[in-house]
Each structure stands twice: as C-alpha cells, then as structure tokens.
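Here are the chains, one letter per residue:
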Amino acid sequence: MKDHRKDKTEFTRRDFIRVGATGATGVALASLGALNVAAAAPVAKLPRRRYGRTGLEISALVGAADWNPDVIPLAVEAGVNYWHKAQRWSAESMPEAIKRQPREAYHLEITVDRVGGDHMHGHIDEEQHYQFVKQAVARSAVGYFDVFKFHFGYHSVQEAKTEPGVVRAFDRLKKEGLVKHLALSQHHYNNIGGDMAYDIITYLMDHSPFEAAQFFYTYGDKHELEDVLALAKKNDFGTIAMKTMGGVGRAATDKKFQALLAEPRFKGSSPGTAMVKWLMANPNLTAAVIATSNFDQLQENLAAARQGSMGSNDRHALGLLAAYNKGLTCLLCADCVSHCPEHLAIADILRYERYALDYHDLSRARAEYKTLTKDGTACIACGDCLPACQADINIVAKLKEVHRLLG
Ligand code: SF4
Ligand code: SF4
C-alpha cells in the first residue's frame, strides 16, 4: 500500500531510514530521530480539532503508546499531540520526541480498567482506580495525565447512574492536579444483559461529568453511530473513533483484492487511505486512533488525514472494501450477541480475529482469545444469531475458523 501522493513537504522514507534506523547502533532512537527529523525536512502538520468539553485542541489522528516506537518521532513532527494509553510509558521509556516538548504541548491519556477481572467481569473500585493513576503519574514523571479514560466503559446506563466510583476517583485526582479531564472508551455489553455503547454514551452526554468518548466506528456502520456523532457535536462532547480499519489489513495481503484495486478507477487510492479521508471528512468526529506498526502505514495515514476530502477513487475503494468485507469481516456492531443463548462474546472473539488478520498481530490476538471465559468452541450452532448479522457472516463457521487460528 504505497502512497503515491507524497509531496515535497513530506518526510521521505530515505529521511526516515537515515534518522530512524538506529537500533543496531544502540543510540537512543527517539532522541536522534527527533533531532534529525527537525533538521531533515518540514513536515506538513495534521489538522487539530476541539476535543469537546475538554477544550483540548487535539490532532485529528491520535497516537497510542503501543505504536511501534520507530514511528513516534515522525508522528510528533507531523503534529500528533494526543497519546492514548500513555500509562504504558515510564519516565525512561517515554519517547524522547514527546517528552522533550514543553509539557503543555502534548496531551497524555491514561486508560483505567476495572479491577478483579476483565472488562466484563471486573468491578469499579474508587480507591484502586485512584491508586492506579497516582502510581502511574509517579512512574511516568509527567506531572499529570490530561485525560482519565475509563477503559471499556459502563456495562449499562443503570450502572452509569448508580455506580459513582469512577467519577469519585477522577474528582479526587483532579483536586490533586493529577488529571484534568474525564472520558471513557465504551464497548457494547448486550452479551451480559447490558446496553449498547451508543445508548450509554447518549446518556452520559447529558448526565455526568464525562467530556468525551471513544468507540468503534467504521465505514458502513449503523445509523445509531451517526446519530451519536451528531448529538456529540451538538453537545460539545468529544469523540474518537477506534477499530476503524476492519478488513483493510487482510485486503492488503489478498492477491485477488489487490488485482481488483489495480483498475484505473481506484488509481491513487487504497482502502486504508480512503478510510482515513472518510473519517476526516466527518465534521462531527474529533479524531481517530488507528493502529500503526510501521513507517509506510503512518506516512499514508498522515497524508490522507492532511488531504481530508475524498475523491471518486476513494469512494470506489471504500465500496470495494465494503463488498470484500461482506461475509468476511465483522463490523463489531454486536447485533448478533443478544441472540446467543450461550452468551458468547461474539463481537469480542471477532475483534481478536481482526488483531490477527488486519493488524497482523497474532500473539496479541491469541493472548486476548485465551482470556475469554467462553471461546468459540462454546457455540452450539443453533443459528439464532445469523439473521441479526448485517455483514452476512456465517457466525457458526467463523467461530470455528477463529478458534483454529487463535485457540
Ligand atoms: S450459533 Fe453459536 S454463536 Fe450463534 S447464537 Fe447459536 S450458540 Fe450463539
Ligand atoms: S458477526 Fe455480524 S452481527 Fe455480529 S458483531 Fe459482527 S457484524 Fe455485527
């Protein structure tokens, strides 16, 4: 997936190799990269948008602490100023390219998980969340985290109404100056009798101190997501899209797909760049977080994000991807989940498939799959879920496939 739209203001692969490939020398990569990036070439900056009520102006593409460290100097140079899962960095491991900036120039988000189990079985515990953030601030020596993000979110609107632990932990930390803003990433919980992400977020916009949310959102998604985005914009509530690239990674390695993509009507586009432009073209969305494992991927995403508007080639490329995904790639909508008498977390299982096939991260996919209380083998092939799937996935066969891949 090469980008053919590089202009002279962009950082070239040769520049990157020159400044970035320092692993073998033992020189601190980020530090050297940052210095030379600045000297090598001016890099056009990403657009920034207001992250809802937080008032932060964040880059339209946000970064994550699990990105390949080699790409971070370029990301910083390109204007990425918001970092997801930043608690993963200690004072020593935080990339030099980030920490050499004035503290107010970049925004760090800490994700705070339930305790005593995974996101479905764990519980909210004010004191433990408070201590977790406090220790992370000390470990990272960053002074404070800009955003406290409740990871995976509430199980239901009812829980959001009646369980104050997260908000209380945030309030205590905010008083001490250790965090500034409150957000959450919200999943669907209909497999355990809870609510859909969009219903919980809609409630939180009106009824709590939450200022922003991150959630699944991709091309061809349900209208409920569009509605939430429009409402969020109206309510000055920040939004970050995640898991946007369904099918992109597998299409990139599929020879038949690539042969189709060679047709003239797709020229200059690819599913990945078209998806980034589609996201950027949505005025209701603040930003997107996109898994990035190498230089080419980041360069493509940056170029597409700067360009923003879609051409007919991009629209064709997204259409091709949507057709390719039919019957193949889960959209993570969770519509099937509430029909399952076995309460299988179908959308989670198929999200792990995405890690393997779209991010090409088999070890993460297998590690996550292993944590499931019920894996794909618990499917009794009743077929109750099948009519609910707008993506026409044969879920029974798919669960078997995924188990062969990850079990
Ligand atoms: S076919 Fe399997 S996954 Fe689908 S509803 Fe039945 S048990 Fe659940
Ligand atoms: S299998 Fe189908 S219905 Fe279930 S989450 Fe995926 S796309 Fe939605």
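Just above sits the structure.
Calculation notes
- Residues numbered from 1 in each chain as written.
- Chains lettered and ligands numbered in written order.
- Predicted model: local features only at pLDDT ≥ 70, side-chain atom pairs only at ≥ 80, totals over all residues.
- Helix = DSSP H or I, 4+ residues; strand = E, 2+ residues; numbered from the N terminus.
- Near = placed C-beta within 6 Å.
- Nonpolar A, V, L, I, M, F, W, Y, C, P; charged D, E, K, R; others polar.
- Buried ≥ 20, exposed ≤ 12 C-beta atoms within 10 Å, placed from the backbone.
- Core = buried A, V, L, I, M, F, W, Y, C linked by C-beta atoms within 7 Å.
- Domains from an automatic or database assignment.
- Contact = placed C-beta atoms within 7 Å.
- Pairing = 2+ DSSP bridges.
- Right-handed = clockwise from strand over helix to strand, strands pointing away.
- Axes fitted to C-alpha atoms, helices over the stretch in contact; angles between N-to-C directions.
- Parallel < 35°, antiparallel > 145°, perpendicular 65-115°, else oblique.
- Left-handed = near helix turned anticlockwise from the far one by under 90°.

1. Concerning unusual backbone geometry
- One non-glycine residue with positive phi stands out, namely Phe152, at about 75 degrees.
- Assignment of secondary structure puts Phe152 in the loop between β6 (145–150) and α6 (157–162).

2. Notes on the site of ligand 1
- Around ligand 1, 14 residues are found, and the nearest of them are Cys340, Cys379, Cys382, Asp384 and Cys385.
- The residue inventory of the shell around ligand 1, partitioned by class, reads 10 nonpolar, 2 polar and 2 charged.

3. Side note on the site of ligand 2
- Around ligand 2, the surrounding shell holds 15 residues, and the nearest of these are Cys330, Cys333, Cys336, Cys389 and Ala391.
- For the shell around ligand 2, the leading source of residues is helix α15 (residues 346–357), giving 3 residues.

4. Remarks on the environment of Ile380
- In this fold, Ile380 is placed in the loop between α16 (362–370) and α17 (395–406).
- Exposure remark for Ile380: the 11 C-beta atoms within 10 Å place this residue in the exposed category.
- Taking the C-alpha atoms as reference, Ile380 lies 9.1 Å from Pro341; in sequence the two are 39 residues apart.

5. A look at the nonpolar core
- Core analysis: the largest hydrophobic core is formed by 125 residues, its most contacted members being Leu61, Val133, Phe145, Phe148, Ile201, Ala213 and Ile346.
- Ranked by residue count, the leading element in this core is α15, at 8 residues.
- Taken together, domain 1 (13–325) and domain 2 (337–406) each give at least three residues to this core, which thus spans both.
- What Leu61 contacts, discounting residues up to four positions off in sequence, is Leu46, Val80, Ala287, Ala288, Ile290, Asn301, Leu302 and Ala305.

6. Some points on the pairing of strand β9 (residues 238–242)
- Burial analysis of β9 places 4 of its 5 residues in the buried class, which makes it a mostly covered element.
- Relative to β9, strand β8 (residues 212–216) is paired through 5 bridges, and the arrangement is parallel. Each bridged residue has a counterpart across the sheet, and for Phe215 the counterpart in β9 is Ala241.
- A crossover connection joins β8 to the parallel β9 through helix α9 (residues 223–234); in handedness this β-α-β unit is right-handed.
- Two strands pair when backbone bridges link them, and β9 and strand β10 (residues 287–289) are joined in this way by 2 bridges, in the parallel orientation. Its bridge partner lying in β10, Ile240 is registered against Ala287.

7. Considerations on the sheet that holds β6
- In spatial order, the strands read β3-β4-β5-β6-β7-β8-β9-β10; together these 8 strands close into a barrel with parallel pairing. Strand-to-strand twist of the sheet, defined as the mean angle between neighbouring strand axes without regard to direction, takes the value 30 degrees.
- In the sheet, strand β3 (residues 61–64) pairs with strand β4 (residues 82–84) via 2 bridges, with the strands oriented parallel. In the strand pairing of β4, Gly63 is matched with Trp83.
- Of the strands in this sheet, β6 and β7 (179–185) touch helix α7 (residues 165–175), which is tilted by about 160 degrees from β7.

8. Quick notes on the packing of helix α5 (residues 126–140) against α7
- In contact at an axis separation of 8 Å, α5 and α7 are set at 40 degrees when each is read in the N-to-C sense. The angle between the axes of α5 and α7 places the two elements in the oblique class. When the axes of α5 and α7 are compared, the crossing they make is right-handed. Residue-level contacts link Glu126, His129, Tyr130 and Val133 of α5 to Gly165, Val166, Arg168, Ala169, Arg172 and Leu173 of α7.
- Looking at side-chain class alone, the contact of α5 with α7 contains 5 nonpolar, 2 polar and 3 charged residues.

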